[in-house]
Each structure stands twice: as C-alpha cells, then as structure tokens.
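The lines below spell out each chain.
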Amino acid sequence: MSDAKPVILKIGGSAITDKTGELAAKTEIINRLAEEIKRADLDNLIIVHGGGSFGHPTAAKYGIKEGYKDDPTQKLGFAETHHVMTVLNGLVMDALIWHEVPAISIAPSSCFLTDNGKIKFFDETVLKQMQKMMFTPVLYGDAVLDDKLGFTVLSGDQLVAYLAIRYKAQKIVVGVDTDGLFDADPKTNPNAKPYKHLTLAELKQIQPKLGKATGTDVTGGMAGKIAELIPVVEQGIHVTVTGATKGLSIYRALTDQSVLGTEIEK
Ligand code: IP8
C-alpha cells in the first residue's frame, strides 16, 4: 500500500505521435518511454498522455472543444474523438504492460465532468484504490461532457495540473518533443535559446510567447499547456520540462537526475 505523494508524468502527444499526420503513432518512442518508466521503478506514479495526431484532428473536425451546437454529426464526432484517444492509449498501455509496468487505464470521459472547459467533478474512488495498491494509473486528454457546453476537450495538461494540486504531487515531469522550453521554436529557428531554469515570475512573463504547436492542436500548443501549469508552480510543485523523444531524459527526470531541459520552480 502507498500513501506517498505522487510523481506525475505528462507525455506530450507531440512526442508520441507525428502531429503533421493523422493517427500516426511513434511506436518506437512509446516503447522506449515504457522501458524508461519501468527502469525508474516509482511506487506512486501517475501517467497522463496527450492527444497528438489522434485526438486533435478529430476534435478539430467536429468542433468538439467549442461544445455541442445541436448538430447530430458532432455527437458521432465526440464518440470518435474519445475512441481515437482510446486507440492511442491502447498503444501506450501495450508498451507499458509489455515492459511489466502494472499500468491501468482510466478514461477521463468516464470520471470527469467540466463546466465551461474547467474540471468541475472527478470521481476519484477508483484512482485512489489503484494508488493504494500501487498500480500505475494512466489517463489521457479526452473528449468529456461539460455542464455548460454539452461537451468539450479536456487537455492532458489540465488533468496534470488538477491531479498535481489535488494530490499534492512531489513533482511533475513533462516530456515534450524538444529539450525543454525555448525562446523561439527550436525546430524552425537554429538560434532558439533554451531556458534552463525558470522562476514562477519568469514563467508568467514568457508563457504568452511560447507559441503554437506544429499540426492541429485544439488545446493551445505550448502556450496553452504552460498556462495550465502556472497554478501548479504557484503551489510550490517543481516542474521539469524535458525531451521525451531522446533516450534517458524521462528516466533521469523521474529519478531526480539532471536533464537537458527546463526546471521550473516558485
Ligand atoms: O494533447 C487533448 O489532449 P492534449 C486530447 O493533452 C484531445 O491537449 C481529445 C484532443
């Protein structure tokens, strides 16, 4: 049984899928991450992954984030968005279980409700029981029902922030497709400079300039993702943003070793 504060790992959709395609998973990276997670061997880890080229294009096609507009095709779009997320989640679960991580998937659409896009209700009963028994819960950005909008998209980043604050996380590790946060997009600008360390005040200053994602992203790219983390850093929770696409960064970050990336603290 474990009552230890959890470590929360967010695996960005951009790291485990090709966001310029549709339904394009990077299975080699998913497998390597599973190996690193196994090697880190944490008792109280919660994993949350993003949507990448699975959830985002489908959600965008049907306007799921903006809510239900009395258009019956949107209902099928909602079902499809949730379904493609379960397909990506299945690939992540396959890899974790293959590497002998006792991981169990939790579908956010079945236990979270939002109100105008913000989490309003969470039935934590099953997650808490999993933690007590030292399973590794795995959640993901999902299409969820919303009190005001009918439905919407709940990002993995909002889930991470919510769970981190609710369970007073030890720390958060965010795995992305770059080596941390940069002052420009390092994929298109060779002069982009990395931020190695950011205080809360500095994070607030740079957040609006962090820019959009490559490909379709209904939850706001890097700027939107980091905005979700500001309240977490305000609570004194340490955040490491590092590359999930390069070997060992996630293992090293999970086991408190130095990594190429950005350390964020209050
Ligand atoms: O990639 C979004 O999750 P995110 C999930 O963490 C969907 O923003 C359904 C687009």
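Our subject is the structure that appears above.
Now for a description of the structure that goes with this document. These numbers come from a predicted model, not from an experiment. Per-chain numbering applies: the sequence of each chain, read as written, is numbered from 1 onward. Owing to the predicted nature of the model, reporting of local features is limited to residues with pLDDT of at least 70; listing and counting of side-chain atom pairs is limited to 80 or more, with chain, interface and lining totals taken over all residues. Excluded from the side-chain calculation are hydrogens and water; included are all heavy atoms of the structure.

Re the overall build of the protein chain
Stage number 1. Regarding its fold elements, the protein chain presents 10 helices and 12 strands.
Stage number 2. Rg of the C-alpha trace for the protein chain: 17 Å, near the compact-globule value of 18 Å for 266 residues, within the 12% margin.
Stage number 3. In terms of principal-axis extent, the alpha carbons of the protein chain reach across some 50 × 45 × 35 Å.
Stage number 4. Pairs of residues are marked as contacts when any of their non-hydrogen atoms sit within 4.5 Å. For the protein chain, restricting intrachain contacts to residue pairs at least 6 apart in sequence, the fraction spanning at least 24 positions comes to 75%.
Stage number 5. Methods summary: accessible areas were calculated by the Shrake-Rupley approach with a probe of 1.4 Å, and residue burial reflects only the protein chains presented. Approximately 12100 Å² of the protein chain is accessible, and the part contributed by carbon and sulfur atoms is 54%.
Stage number 6. Of the charged side chains in the protein chain, 29 are positive and 32 negative, and the gap between their average positions amounts to 4 Å. Secondary structure elements are defined from DSSP: runs of H or I of at least 4 residues count as helices, runs of E of at least 2 residues count as strands, and each element is numbered from the N terminus. Computation of the radius of gyration draws on C-alpha atoms alone. For the globule rule, the value is 2.2 Å times the number of residues to the power 0.38. Only four residue types enter the tally: Lys and Arg on the positive side, Asp and Glu on the negative side, with His and both chain ends excluded. Every charge is mapped onto a representative atom, which is NZ of Lys, CZ of Arg, CG of Asp or CD of Glu.

Re the site of the ligand
Stage number 1. In the vicinity of the ligand lie 15 residues, with Lys-10, Gly-51, His-56, Gly-156 and Thr-219 positioned nearest.
Stage number 2. We define a polar contact as two N or O atoms separated by no more than 3.5 Å, with the added condition that, inside protein, one atom must be a possible hydrogen donor and the other a possible acceptor, whereas residues neighbouring each other in sequence contribute only through side-chain atom pairs. In this structure, Lys-10 approaches the ligand through a side-chain N or O atom, which is 3.4 Å from an oxygen atom.
Stage number 3. Between Gly-51 and the ligand, the recorded distance is 2.8 Å, taken from a backbone N or O atom to an oxygen atom.
Stage number 4. For the ligand, the protein covers 99% of the area, taking 320 Å² as the surface of the free molecule. One heavy atom within 4 Å of a molecule or strand is enough for the residue carrying it to be called near that molecule or strand.

With respect to the environment of Tyr-195
Stage number 1. Along the chain, Tyr-195 falls in the loop between strand S9 (171-176) and strand S10 (197-199).
Stage number 2. For the pair Tyr-195 and Val-218, spaced 23 residues apart in sequence, the C-alpha separation works out to 25 Å.

Looking at the pattern of salt bridges
Stage number 1. By salt bridge we mean one thing: a side-chain nitrogen of Lys or Arg within 4 Å of a carboxyl oxygen of Asp or Glu. On inspection of all chains with the given rule, the structure shows 12 salt bridges.
Stage number 2. In this structure, Lys-171 and Asp-256 form a salt bridge, with 2.4 Å as the shortest nitrogen-oxygen distance. Placement of Lys-171 in strand S9 and of Asp-256 in the loop between helix H10 (249-254) and strand S12 (261-265) is noted, with a sequence separation of 85 residues between them.
Stage number 3. When salt bridges that share partners are traced, they join Lys-10, Lys-19, Asp-157, Asp-217 and Lys-225 into one network.

Here's the deal with helix H7 (residues 156-166)
Stage number 1. Partly exposed residues are those whose accessible area sits between 20% and 50% of the maximum for their type, while under 20% is buried and over 50% is exposed, using a 1.4 Å probe and protein chains only. Along H7, eight of the 11 residues are buried, which leaves the element largely enclosed by surrounding structure.
Stage number 2. Among the residues making up H7, those that are buried are Gly-156, Asp-157, Gln-158, Leu-159, Val-160, Ala-161, Leu-163 and Ala-164.

Re the packing of H7 against helix H9 (residues 221-234)
Stage number 1. Where H7 meets H9, the closest approach of the two axes is 8 Å, and the angle between their N-to-C directions is 5°. Between H7 and H9, the interaxial angle falls into the category roughly parallel. Taken together, the residues of H9 that come into contact with H7 (itself represented by Asp-157, Gln-158, Val-160, Ala-161, Ala-164 and Ile-165) are Lys-225, Glu-228, Leu-229, Pro-231 and Val-232.
Stage number 2. Of the residues in the contact of H7 with H9, the class split is seven nonpolar, one polar and three charged. Axes here refer to lines fitted to C-alpha atoms; in helices the fit is confined to the stretch in contact. Angles between the N-to-C directions go from 0 to 180 degrees. Oblique is the label for any angle not covered by the other classes, which are roughly parallel (under 35 degrees), roughly antiparallel (over 145) and roughly perpendicular (65 to 115). Three residue categories are used. Nonpolar comprises Ala, Val, Leu, Ile, Met, Phe, Trp, Tyr, Cys and Pro, charged comprises Asp, Glu, Lys and Arg, and polar comprises the others, including Gly.

Looking at the packing of helix H3 (residues 52-62) against helix H4 (residues 72-98)
Stage number 1. Their axes nearest at 8 Å, the elements H3 and H4 cross at an angle of 175°. As judged from the angle between their axes, H3 and H4 are roughly antiparallel. Every residue of H4 that contacts H3 at Phe-54, Gly-55, Thr-58, Ala-59 and Tyr-62 is listed here: Thr-73, Gln-74, Gly-77, Glu-80, Thr-81, Val-84, Met-85, Val-87, Leu-88 and Leu-91.
Stage number 2. Of the residues assigned to the contact of H3 with H4, the class counts are eight nonpolar, six polar and one charged.

Brief notes about the nonpolar core
Stage number 1. Ranked by size, the top nonpolar core spans 40 residues in total, and within it Ile-8, Phe-112, Leu-139, Leu-163 and Ile-172 carry the most contacts.
Stage number 2. Residue assignment for this core shows that the elements contributing at least two residues are strand S2 (45-49), strand S5 (118-122), helix H6 (125-132), H7, S9, helix H8 (200-206), H9 and strand S11 (238-243).
Stage number 3. The leading source of residues in this core is H9, at seven residues.
Stage number 4. By size, the runner-up hydrophobic cluster in this structure holds 32 residues, among which are Val-92, Ala-95, Leu-96 and Val-101. For this analysis, a nonpolar core means a set of buried residues of the types Ala, Val, Leu, Ile, Met, Phe, Trp, Tyr and Cys, connected via side-chain atoms within 4.5 Å.

Observations concerning the pairing of S9
Stage number 1. Along S9, six of the six residues are buried, which leaves the element largely enclosed by surrounding structure.
Stage number 2. Of the two faces of S9, the one carrying Lys-171, Val-173 and Gly-175 and the one carrying Ile-172, Val-174 and Val-176 are both buried.
Stage number 3. As paired strands, strand S1 (residues 7-11) and S9 are joined by five bridges and run parallel to one another. Its bridge partner being in S9, Lys-10 is matched across the sheet by Val-174.
Stage number 4. Bridge count between S9 and S11: six bridges; the pairing is parallel. Paired with Val-176 across the bridge in S11 is Gly-243. Between any two strands, pairing holds if DSSP finds at least two bridges.

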